[in-house]
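The residues making up each chain are set out below.
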Amino acid sequence: MDTSDPLKDNIIILFDGVCNLCNGFVQFVIRRDPDAVFRFASLQSDVGRKYLILHKLDPDALHSVIVIARGTLYQRSDAVLQIAKALPGFWSWLGVFNIVPRFIRDTIYNWVASSRYRWFGRRAECMLPDPSLKLRFLS
């Protein structure tokens, strides 16, 4: 029996499914991910909540983007940098911002995250993926 993780070669992005900024970011990543490395789940979904609990995070806390890559969970600016590093071409170069101290990166990240609904709005419910992308969304 094969007990290997079928997602081991994928990067999982957990995102706030009602946040317009987060949904736009997911669409941005999808358009720049020709090899379909990324998998997605909203934080509000059952699978998103299970990943949060598995990694000992409060599933009811307001998170914006969480990345799970090779079994490691990344939050805030570290999550965004992990995504950038995994994107092809120019975007991978943004990983150089890892040299900026985390407390500075996270201060900026937290400021944007705390204002995201006010600046970009929110949806009444999580987005439904286009049928052609459905396999990239975890359920």
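Presented here is a report on the structure given in the accompanying data block. Quick caveat, the model's predicted, so the values are computed rather than measured. (Residues numbered from 1 in each chain as written. Predicted model: local features only at pLDDT ≥ 70, side-chain atom pairs only at ≥ 80, totals over all residues. Heavy atoms only, no water.)

**What to know about the overall build of the protein chain**
Item 1. Along the backbone of the protein chain there are 4 helices and 4 strands.
Item 2. The order of α-helices and β-strands along the protein chain, N terminus first, is β-α-β-α-β-β-α-α.
Item 3. The buried share of the protein chain, reckoned over its 139 residues, is 44%.
Item 4. Contacts in the protein chain between residues at least 24 apart in sequence constitute 66% of all its contacts with a sequence separation of at least 6.
Item 5. Total accessible area on the protein chain is roughly 8,500 Å²; 60% of this is exposed by carbon and sulfur atoms. (Helix = DSSP H or I, 4+ residues; strand = E, 2+ residues; numbered from the N terminus. Buried < 20%, exposed > 50% of the residue type's maximum accessible area, 1.4 Å probe, protein only. Contact = heavy atoms within 4.5 Å. Areas by Shrake-Rupley, 256 points an atom, 1.4 Å probe, with all protein chains shown as cover.)

**Some details on the environment of Gln82**
Item 1. Here Gln82 is to be found in helix α3 (residues 76-86).
Item 2. On the basis of relative accessible area, Gln82 is assigned to the buried category, the value being 13%.
Item 3. When the C-alpha atoms of Gln82 and Ala69 are compared, they prove to be 8.1 Å apart, with 13 residues separating the residues in sequence.
Item 4. Discounting chain neighbours no more than four positions away, the residues touching Gln82 are Val67, Arg70 and Tyr74.

**Quick word on the environment of His63**
Item 1. Its place among the elements puts His63 in the loop between α2 (46-54) and β3 (65-69).
Item 2. On the accessibility criterion, His63 (12% relative accessible area) is buried.
Item 3. A sequence separation of 20 residues divides His63 from Leu43, and the C-alpha atoms of the two residues are 7.6 Å apart.
Item 4. Apart from the residues within four sequence positions on either side, His63 is in contact with Asp16, Leu43, Leu52, Leu57, Asp58, Gln75 and Arg116.

**Points about the side chain of Asn10**
Item 1. As for its position among the elements, Asn10 is in the segment before β1 (11-15).
Item 2. Among the polar contacts listed, one links the side chain of Asn10 to the backbone oxygen of Ala36, at a separation of 3.4 Å.
Item 3. Here Val37 takes part through its backbone oxygen, which lies 2.9 Å from a polar atom of the side chain of Asn10.
Item 4. Apart from residues lying up to four places away in sequence, Asn10 is in contact with Ala36, Val37, Arg39 and Ile68. (Polar contact = N/O pair within 3.5 Å; in protein donor to acceptor, adjacent residues only side chain to side chain.)

**A closer look at the pairing of β3**
The side chains of a regular strand alternate, residue by residue, between the two faces of the sheet.
Item 1. With 5 of 5 residues buried, β3 lies mostly within the body of the structure.
Item 2. Alternating residues of β3 divide into Val65, Val67 and Ala69 and Ile66 and Ile68, and every residue in both groups is buried.
Item 3. Relative to β3, β1 runs antiparallel, the two sharing 5 bridges. Its bridge partner being in β3, Leu14 is matched across the sheet by Ile66.
Item 4. As paired strands, β3 and strand β4 (residues 72-75) are joined by 4 bridges and run antiparallel to one another. The partner of Ile66 across the bridge, within β4, is Gln75. (Pairing = 2+ DSSP bridges.)

**Considerations on the sheet that holds β4**
Item 1. The strand order across the open sheet built from 4 strands is β2-β1-β3-β4, with neighbouring strands paired in mixed fashion. Of all strands in the sheet, those with a lone pairing partner are β2 (38-42) and β4, marking the two edges. On average, adjacent strands in this sheet sit at an angle of 20° to one another, irrespective of strand direction. (Axes fitted to C-alpha atoms, helices over the stretch in contact; angles between N-to-C directions.)

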